[in-house]
Amino acid sequence: GLGARVRHLEAPPDARDRMGTDTLSVGVLGYGFMGKAHANALGRLPLFFPDAPDVSLDVLCGRDADAAREAADRFGFADVETDWRDAIARVDVFYNLGPNDVHVDPSIRALDEGVHVLCEKPLAPTLDGAERMAEAAARSDAVAATAFNYRFVPAIEYARRLIADGALGEIRHVRARYLQDWLVDPDAPWSWRLDADSAGTGVLGDLGAHSIDLVQFLVDDVAAVSGQCTTYVDERPDDDGRLRSVTVDDAFSAQATLACGATATFEATRCATGHKNTNAIEVEGTEGAIRFDLERLNELDVLRGDDRGFETVLVTDPDDPYVEHWWPPGHTIGWEHTFVHENAAFLRAAADGDDYDPDFGTGRDVQRVVDAIQRSDERREWVSL
Ligand code: SOE
């Protein structure tokens with residue numbers, strides 16, 4: 001069950017008015033994969049991050065009231081709403097975990113009402129939506145977070161500190177790959193992720209956005225790109241067996257220059273046979289190098305300026321990022337912990353009125369790179385940011 005400090009209200013008419021305490025009232029839109037990941041994270045906070053603000057899981061929002069009710073019971077939410085406007089009106093903090101095309105209007109509405117927002121990535125289906133969301137964030141006092149959870153892997157933060165401290169020297173090369181295989185089968189079912197109206201882009205925004213954010217977080221901004229996008233299977237069966245058009249990319253690759261002059265390459269696909277969730281990044285500088293792969297997320301391969309080869313650092317010591325909250329050295333953590341770290345940071349910023357990074361400006365900047373890669377693909381030429 002959830003920790004004792006996660007309090008539940010009995011069908012509150014307006015949680016915000018009734019709380020009047022430091023407890024943050026939480027509303028969530030969406031109860032699929034990401035709903036579960038964030039509900040799990042919220043449930044872990046009282047036990048492992050006792051300094052995180054108290055939350056009250058008040059409202060789960062979804063179009064289908066019965067399905068939302070069932071999910072609310074499972075996730076530990078007190079009440080449901082079927083209209084996101086009603087959910088936003090009741091809470092201090094709004095998690096936008098719906099498909100990409102419902103990121104824009106609800107997030108802007110929440111920010112305009114002074115409600116803190118954490119929105120899943122990519123920030124919006126199109127650059128226009130992301131720009132409007134970033135503008136809403138800029139005029140609001142509320143915190144606006146883009147959910148780039150892989151920043152919160154301890155080994156990634158460890159790598160960021162190494163690079164920021166100059167341990168790798170001047171960065172020359174960055175290589176980011178995000179490979180999955182769930183669309184190799186031509187009969188794999190159609191879903192909103194394969195529809196341009198709902199998702200905006202395919203793997204470019206879904207997985208490429210993570211890689212672009214990691215490269216910009218670890219090294220520097222993308223300055224120019226030359227990209228290409230490919231769709232291998234144009235139609236797929238939906239749940240009723242009806243063939244539906246696939247209107248987004250299955251795979252993309254791009255070469256890029258970063259503002260610091262480094263050369264970067266990106267590759268992401270949903271058709272890489274045998275790769276379940278290979279989110280990998282390699283960085284080489286004049287004095288050293290690092291290699292990371294999410295499928296070995298407790299480890300970072302580090303080369304420190306000599307010729308003896310890479311050393312595998314197990315990033316599980318108490319003084320490693322985030323680790324003091326968990327287990328003794330060598331007692332590894334997993335994918336779901338990135339959401340716990342992300343939620344702790346976001347809720348602290350919301351409670352204290354602090355800045356949060358990655359914010360909507362960061363999400364918009366990633367979307368600019370996504371958009372530039374799309375334009376480069378269409379025009380078959382380099383595009384500068
Ligand atoms: C897609 O398969 C997906 O679930 C992405 O949407 C997530 O962002 C990624 O973390 C895992 O893969």
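Residues numbered from 1 in each chain as written. Predicted model: local features only at pLDDT ≥ 70, side-chain atom pairs only at ≥ 80, totals over all residues.

Caption draft 1: Local environment of helix α7 (residues 154–164). What α7 keeps buried is the set Pro154, Ala155, Ile156, Tyr158, Ala159, Leu162 and Ile163. Packing partners of the buried residues in α7 comprise β7 (171–179), α9 (203–218), β13 (278–285), β14 (289–293) and β15 (299–303). After α7 finishes, the residue glycine 166 shows a positive phi value of roughly 85°. (Buried ≥ 20, exposed ≤ 12 C-beta atoms within 10 Å, placed from the backbone. Helix = DSSP H or I, 4+ residues; strand = E, 2+ residues; numbered from the N terminus. Contact = placed C-beta atoms within 7 Å.)

Caption draft 2: Representation of the pairing of strand β11 (residues 251–258). Summarising the sheet, strand β8 (residues 222–230) and β11 pair through eight bridges and their orientation is antiparallel. Bridged to valine 225 within β11 is alanine 256. Note: β11 against strand β12 (residues 263–269), seven bridges, orientation antiparallel. Within β12, the position partnered with phenylalanine 252 by the bridge is alanine 268. (Pairing = 2+ DSSP bridges.)

Caption draft 3: Seen up close, the packing of helix α2 (residues 33–48) against helix α10 (residues 336–352). Interaxial distance between α2 and α10 falls to 8 Å at its minimum, and their mutual angle equals 70°. Classed by the angle they form, the pair α2 and α10 counts as roughly perpendicular. When the axes of α2 and α10 are compared, the crossing they make is right-handed. Counting all contacts with α2, which are made through Ala37, His38, Asn40, Ala41, Leu42, Arg44, Leu45 and Phe48, the residues of α10 involved are Glu336, Phe339, Val340, Asn343 and Ala344. Split by residue class, the contact of α2 with α10 holds eight nonpolar, three polar and two charged. (Axes fitted to C-alpha atoms, helices over the stretch in contact; angles between N-to-C directions. Parallel < 35°, antiparallel > 145°, perpendicular 65-115°, else oblique. Left-handed = near helix turned anticlockwise from the far one by under 90°. Nonpolar A, V, L, I, M, F, W, Y, C, P; charged D, E, K, R; others polar.)

Caption draft 4: Examining unusual backbone geometry more closely. Residue proline 122 is reached from lysine 121 by a cis peptide bond, and omega for that bond is -10°. Looking at the element boundaries, proline 122 is found in the loop between β5 (116–120) and α6 (127–139). In the segment running from aspartate 357 into proline 358, the intervening peptide bond is cis, with an omega of 10°. Phi at tyrosine 322 takes a positive value of approximately 70°, unusual for a residue other than glycine. Locating tyrosine 322 in the fold gives a position in the loop between β16 (311–314) and α10. With a phi close to 60°, arginine 380 is a non-glycine residue in the positive phi region. Structurally, arginine 380 can be placed in the loop between α11 (360–379) and β17 (383–384). Its 8 C-beta neighbours within 10 Å are what place arginine 380 among the exposed residues.

Caption draft 5: Region of interest: the sheet that holds strand β4 (residues 93–96). A sheet is described by the order of its strands in space; here six strands give the open sequence β3-β2-β1-β4-β5-β6, paired in parallel fashion. Strand pairing shows two members of the sheet lacking a second neighbour, β3 (79–81) and β6 (144–147), which therefore form its edges. Recorded for the sheet is a direction-independent mean angle of 25° between the axes of neighbouring strands.

Caption draft 6: Broad picture of the UniProt feature "domain: Gfo/Idh/MocA-like oxidoreductase N-terminal" (unreviewed entry) in the protein chain. Residues given the UniProt feature "domain: Gfo/Idh/MocA-like oxidoreductase N-terminal" (unreviewed entry) here are residues 25–145. Spanning residues 25–145, this segment combines 45% helix with 21% strand, and its end C-alpha atoms are found 17 Å apart. (UniProt positions renumbered as here; feature names shortened; annotations may be inferred.)

Caption draft 7: Up close: the UniProt feature "domain: GFO/IDH/MocA-like oxidoreductase" (unreviewed entry) in the protein chain. Under the local residue numbering, the UniProt record ascribes the feature "domain: GFO/IDH/MocA-like oxidoreductase" (unreviewed entry) to residues 157–291. Here residues 157–291 is 21% helix and 37% strand, with 13 Å between the C-alpha atoms at its ends.

Caption draft 8: Focus on the pairing of β14. As paired elements, β13 and β14 share five bridges and run antiparallel to each other. Paired with valine 283 across the strands is isoleucine 290, a residue of β14. The antiparallel pairing of β13 with β14 creates a hairpin that spans three residues between the two strands. Note: β14 against β15, three bridges, orientation antiparallel. Opposite arginine 291, over in β15, you have aspartate 301 as the bridge partner. Joining the antiparallel neighbours β14 and β15 is a turn of five residues.

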